[in-house]
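Reading the structure
Chain by chain, the residues run as shown.
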Protein chains: 2
Amino acid sequence: MTDFAALAETIAKQAKSAARAMAQLSAGVKATALERMAAALVDAAETIQAANAQDVAVAKKAGLSGALIDRLTLTPKRIGEMATGLREVAALPDPVGEIERMWVRPNGMRVGRMRVPLGVIGIIYESRPNVTAEAAGLCLKAGNAVILRGGSEAIRSNIAIGRVLQEAGAKAGLPDGAVIVVEQTDRGLVNALLKLDRYIDLIIPRGGEGLIRAVLEQSTIPVIKHDKGVCHIYVDEAADLAMAEAVCVNAKVQRPGTCNAMETLLVHQSVAPTFLPAIVARLQKAGVEIRGCERTRALVPGVKPATEEDWHAEYLDLILAVRVVETMDAAIDHIVTYGSQHTDAIMTQDYQRAMAFVRRVDSSAVLVNASTRLNDGGQFGLGAEIGISTGRLHARGPMGIDELTTKKFIVLGDGQIRE
Amino acid sequence: MTDFAALAETIAKQAKSAARAMAQLSAGVKATALERMAAALVDAAETIQAANAQDVAVAKKAGLSGALIDRLTLTPKRIGEMATGLREVAALPDPVGEIERMWVRPNGMRVGRMRVPLGVIGIIYESRPNVTAEAAGLCLKAGNAVILRGGSEAIRSNIAIGRVLQEAGAKAGLPDGAVIVVEQTDRGLVNALLKLDRYIDLIIPRGGEGLIRAVLEQSTIPVIKHDKGVCHIYVDEAADLAMAEAVCVNAKVQRPGTCNAMETLLVHQSVAPTFLPAIVARLQKAGVEIRGCERTRALVPGVKPATEEDWHAEYLDLILAVRVVETMDAAIDHIVTYGSQHTDAIMTQDYQRAMAFVRRVDSSAVLVNASTRLNDGGQFGLGAEIGISTGRLHARGPMGIDELTTKKFIVLGDGQIRE
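Residues numbered from 1 in each chain as written. Chains lettered and ligands numbered in written order. Predicted model: local features only at pLDDT ≥ 70, side-chain atom pairs only at ≥ 80, totals over all residues. Heavy atoms only, no water.

1. Quick look at the interface of chain A and chain B
With 75 residues of chain A at the contact, the number on the chain B side is 75 residues. With both chains or domains summed, chain A and chain B bury close to 5800 Å², and 53% of this area falls on carbon and sulfur atoms. In terms of surface lost to chain B, no three residues of chain A exceed L393, F409 and R418 of chain A, which account for 15% of the buried area on that side. Across the contact surface, chain A and chain B share eight salt bridges. The shortest N-O distance in the salt bridge between R113 of chain A and E403 of chain B comes to 3.0 Å. The tally of links from chain A across to chain B stands at 44 residue pairs in polar contact (both at pLDDT 80 or more). Ranked by residues supplied to the side of chain A that touches chain B, first place goes to strand β16 (residues 405-416) of chain A with eleven residues. In terms of residue class, the side of chain A that touches chain B is built from 33 nonpolar, 20 polar and 22 charged. In this sheet, strand β13 (residues 365-370) of chain B lies alongside β16 of chain A in parallel orientation, the contact comprising five bridges. Within the sheet, the bridge partner assigned to F409 of chain A lies in β13 of chain B and is A365 of chain B. (Contact = heavy atoms within 4.5 Å. Buried area = accessible area lost by both parts, 1.4 Å probe. Salt bridge = Lys/Arg side-chain N within 4 Å of Asp/Glu carboxyl O. Polar contact = N/O pair within 3.5 Å; in protein donor to acceptor, adjacent residues only side chain to side chain. Helix = DSSP H or I, 4+ residues; strand = E, 2+ residues; numbered from the N terminus. Nonpolar A, V, L, I, M, F, W, Y, C, P; charged D, E, K, R; others polar. Pairing = 2+ DSSP bridges.)

Right under this line is the structure:
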């Protein structure tokens, strides 16, 4: 039997030691390291694909679904995208050492907050092996060490990618242990790692509810969840209906498998007779299955009935729940009751209701007259993101490299004491 | 046997419901409520003191230490200070709804971050009953509901204070459940509360290492620790020695029982022969016991030897560990090895070393030429603080009302979709 506690401690200690060195690296060294990693991924494409082919073969033999095998498969195009992603992160401004402002206290001391790396970040994820390179790039850029623990179905691919990143990083001056791919996929080892709060500073679980719940229950390390999105658009009585139609189609159809795609459409009763037949026709033409409340079904013949389960559902698919509401208050009540505080939008030209919706709906992003699909680090101008946090602390919404740092107070004095 | 899970759920649900209402209250209602609570505490001073006298009597009978009984005792002066504290918090700017900046994306959408309350905050603390009013005031000002679970030795005082706050709050328009004092001090109930991450958003444990460790291990809710401070001052070879002397005396003597008091003094070898005899004499005159390394003892006769344990010690008392170091690097190594990343300072007139120390020492506050005792929300200009966070995420260092809020993204668009 493997001694998971001892192995976990070895891994975490090595990462902690690397994190101390990473925190002192110049912006230039980190950027160059990421660029070299990008080049090395392309150079090693064949080796990576060979390892990936083994993972795919095992997955097929085990009868995994087509969608899962698609997520698992690394084509030359996907490897190229990993490299491009690393180069984009390399080009972002380095956040470490930034001081947003300093203020002067009555006793003359100057106080400010300086961004510093978080330390050691553990990422626990599922099948997509490209996360290995993306997450490593973001964590390293922010001056952290990273421990990557992917799913067992992608383990050969992850190890291959990890080796390429480690070798290229070492040549560019990154410390040993800056990128660690956990090669043992046993649950016992993960659980041992999750207790090492004296070495590991943050855990980011990315995956299904079961994974996130298990991590939350085991971890003594702070966890930032990237959880599900049951996203709503409320079409108000004062909406520009042509705009609402374009935004709703985009929010549902542009990429339905993402956490910020619309799952439930709420329509004010006064515009429902005009709006619903038109939008349903357009969505159905795009292949969307509609499940409606009674009033929706009365307005649009042939729509399936929505059940209580549909209001809770994160379909991640071409399915949409539709409900007619009497007032904006009823729409907000629905969002509070069934939503996941991920991304919610109002379509309206009414100033008062737009502002009230923004104030009253408490989601990671609240949008007026814009598609829920825009809740994204790149779209918001944060640069690349490691995901969309559904937690409330430290990071909420798209989580970029700034959120992979922390801030310490610095004080520049000339002899101040506490009176 | 009490059904702790059911009781915990009742408490947490009530708080969650109150938190939703709190988030919508105007700044005026919250400020008025805090002012009324302050007045009510003074009006009810006799009732509170009567309840407190029972706690004190039980504590004395149980043979608790004098220091603990002092912390437990509520004099009219302390009740007055609680009221003053509430009035000060009432007067702070309301953080809810603040948008620091909005930026415009190439597609014309405006993106910003709006401060909103965290939700439900659980405070787990030990003997000081004045924490009940202080913590409640800060949490409410930031628009949160608060669950207060103090120590069993102060339970009668806490319940009495809680009732006064609840009644005054209700009259001013706060929802039921905005302030909940947990009346059952059973460990089982706390542990049940710590699992309710679907209702409670943040846990702040304030107390000894045992309390904090127990909370970290049980909680599935994010925890912000207020842990120990092993604080250092490094007196560099380029220090202004008169300034260093004044700062070191202040950092050790002004209030030795606090987490930001200096516990270890590190002195560069080139100034040690001049500096150490003078500072040791001054500190000894102030009643400080010195425990020194060999080189310290060679320079100042009669100093006790420091052991390995002394470098780790948070004395919270008039005791100081002293070590002579060969270089600034050795001082930083000492701080990395033995420090608690709480508060550390350098005394130097050398620009290069001042900047290197600020960059390389990773503590919640790093100071140049200023007393460690200044690491405090009031001193830094944040207004009142709920404590000094030793965690790295969300809040680090003094934690004011801003850190009792979170930020959601808001987007003001005119029909933007994801291309």
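Further notes follow.
2. Section: the packing of aromatic side chains
Taken as a whole and assessed by the stated rule, the structure comprises four aromatic pairs over all chains. Judged by centre distance (5.0 Å) and plane angle (35°), the ring pair of F409 of chain A and F380 of chain B falls under tilted. In this pair, F409 of chain A is assigned in strand β16 and F380 of chain B in helix α16 (residues 377-380), connecting two distinct chains. Taken together, a centroid distance of 6.4 Å and an interplanar angle of 20° make the contact between Y234 of chain B and F357 of chain B stacked. Of this pair, Y234 of chain B sits in strand β7 (residues 231-235) while F357 of chain B sits in helix α15 (residues 351-360); the two residues are 123 residues apart in sequence, bridging distant segments of the chain. For the pair shown, Y234 of chain B and F357 of chain B are each scored as buried. Sitting over the ring of W311 of chain A, R323 of chain A keeps its end group 5.0 Å from the ring centre. (Phe/Tyr/Trp six-rings, centres within 6.5 Å; stacked < 30°, edge-to-face > 60°. Buried < 20%, exposed > 50% of the residue type's maximum accessible area, 1.4 Å probe, protein only. Lys NZ or Arg CZ within 6 Å of the ring centre and 35° of its normal.)

3. Describing the relation of the copies chain A and chain B
Look at the two chain copies: a rotation about an axis and a shift along it is all it takes to match them. Of the two same-sequence chains, chain A is brought onto chain B (RMSD 0.1 Å, axial shift 0.0 Å) by a rotation of 180°. In symmetry terms, the pair is related by a two-fold rotation axis. No C-alpha of chain A approaches the rotation axis more nearly than that of H394 of chain A, which lies at 1.9 Å. When the interface residues of chain A are mapped onto chain B, 100% of them again fall at the interface, so both copies present the same face. (Least-squares fit on C-alpha atoms with pLDDT ≥ 70 in both.)

4. Some points on the pairing of strand β3 (residues 120-124) of chain A
All names here are of chain A. In terms of burial, β3 is a largely internal element, five of the five residues being buried. Both faces of β3 are covered, namely the face carrying V120, G122 and I124 and the face carrying I121 and I123. When β3 meets strand β4 (residues 145-149), the two strands line up parallel, connected through five bridges. Of the residues in β4, the one forming a bridge with V120 is A145. Since β3 and β4 lie parallel, the crossover through helix α6 (residues 130-141) that links them has a hand, and here it is right-handed. (Right-handed = clockwise from strand over helix to strand, strands pointing away.)

5. Overview of unusual backbone geometry
Residue and element names in this part refer to chain A. The backbone of L316 sits at a positive phi, close to 55°, despite the residue not being glycine. Relative to the elements of secondary structure, L316 occurs in the loop between α13 (308-312) and β11 (319-325). The backbone of N369 shows a phi angle near 55°, a positive value even though the residue is not glycine. Tracing the backbone shows N369 in strand β13 (residues 365-370).

6. A short note on the packing of helix α14 (residues 328-338) of chain B against α15 of chain B
All names here are of chain B. Closest axis-to-axis distance for the α14/α15 pair is 11 Å, and the angle between their directions is 20°. In terms of their interaxial angle, α14 and α15 are classed as roughly parallel. For the element pair α14 and α15, the recorded crossing hand is right-handed. Taken together, the residues of α15 that come into contact with α14 (itself represented by M328, D329, I332 and I335) are R353, A356, F357 and R360. Of the residues that constitute the contact of α14 with α15, the class distribution is five nonpolar, no polar and three charged. (Axes fitted to C-alpha atoms, helices over the stretch in contact; angles between N-to-C directions. Parallel < 35°, antiparallel > 145°, perpendicular 65-115°, else oblique. Left-handed = near helix turned anticlockwise from the far one by under 90°.)

7. Concerning the pattern of salt bridges
Evaluated as defined, the whole model comprises 54 salt bridges over all chains. In this structure, R213 of chain B and D197 of chain A form a salt bridge, with 2.9 Å as the shortest nitrogen-oxygen distance. In this pair, R213 of chain B sits in helix α9 (residues 209-218) while D197 of chain A sits in the loop between α8 (187-193) and β6 (202-205), so the two residues belong to two different chains. For R213 of chain B, a relative accessible area of 32% puts it in the partly exposed group. Residue D197 of chain A is classed as buried on the basis of its relative accessible area, which comes to 18%. Between R353 of chain B and D236 of chain B there is a salt bridge whose closest N-O contact spans 2.9 Å. With a gap of 117 residues between them, R353 of chain B in helix α15 and D236 of chain B in the loop between β7 and α10 (241-253) connect regions that are remote in the sequence. When its relative accessible area of 0% is taken as the criterion, D236 of chain B is described as buried. Beyond isolated ion pairs, a larger network of salt bridges with shared partners links K16 and D201 of chain A together with D362, R392 and R396 of chain B.

8. Some words on the side chain of T343 of chain A
Residue and element names in this part refer to chain A. By secondary structure assignment, the location of T343 is in strand β12 (residues 343-347). T343 gets classed as buried once you look at its relative accessible area, which sits at 0%. Polar contacts involving the side chain of T343 include one to the side chain of H342, which spans 2.7 Å. Among the polar contacts made by the side chain of T343, one reaches the side chain of N375 at a distance of 2.8 Å.

9. Focus: the packing of helix α2 (residues 27-43) of chain A against α6 of chain A
Residues and elements named next belong to chain A. In the contact formed by α2 and α6, the axes pass within 10 Å of each other and the chain directions differ by 165°. Taken as axis vectors, α2 and α6 run roughly antiparallel relative to one another. Here α2 runs over α6; the crossing is right-handed. Facing K30, A31, L34, M37 and L41 of α2, the residues of α6 in contact are A133, G137, L140 and K141.

10. Comments concerning the confidence of the model for chain A
Summarising the model, chain A shows a mean pLDDT of 96, and 100% of its residues fall at 70 or more. In the model output, the complex is listed with pTM 0.94 alongside ipTM 0.94. (pLDDT = per-residue confidence, 0-100.)

11. Points about the sheet that holds strand β9 (residues 289-292) of chain A
Spatially, the ten strands line up as an open sheet ordered β10(A)-β9(A)-β11(A)-β8(A)-β7(A)-β12(A)-β13(A)-β16(B)-β2(B)-β1(B), and their pairing is mixed. At either margin of the open sheet sits one strand with a lone partner, and together these are β10 (304-305) of chain A together with β1 (99-104) of chain B. The pairing of strand β2 (residues 110-117) of chain B with strand β16 (residues 405-416) of chain B spans eight bridges and is antiparallel. Its bridge partner lying in β16 of chain B, V111 of chain B is registered against V411 of chain B. Relative to the sheet, helix α10 (residues 241-253) of chain A contacts β7 (231-235), β8 (262-268), β11, β12 and β13 of chain A together with β16 of chain B, its axis offset from that of β7 of chain A by approximately 170°.

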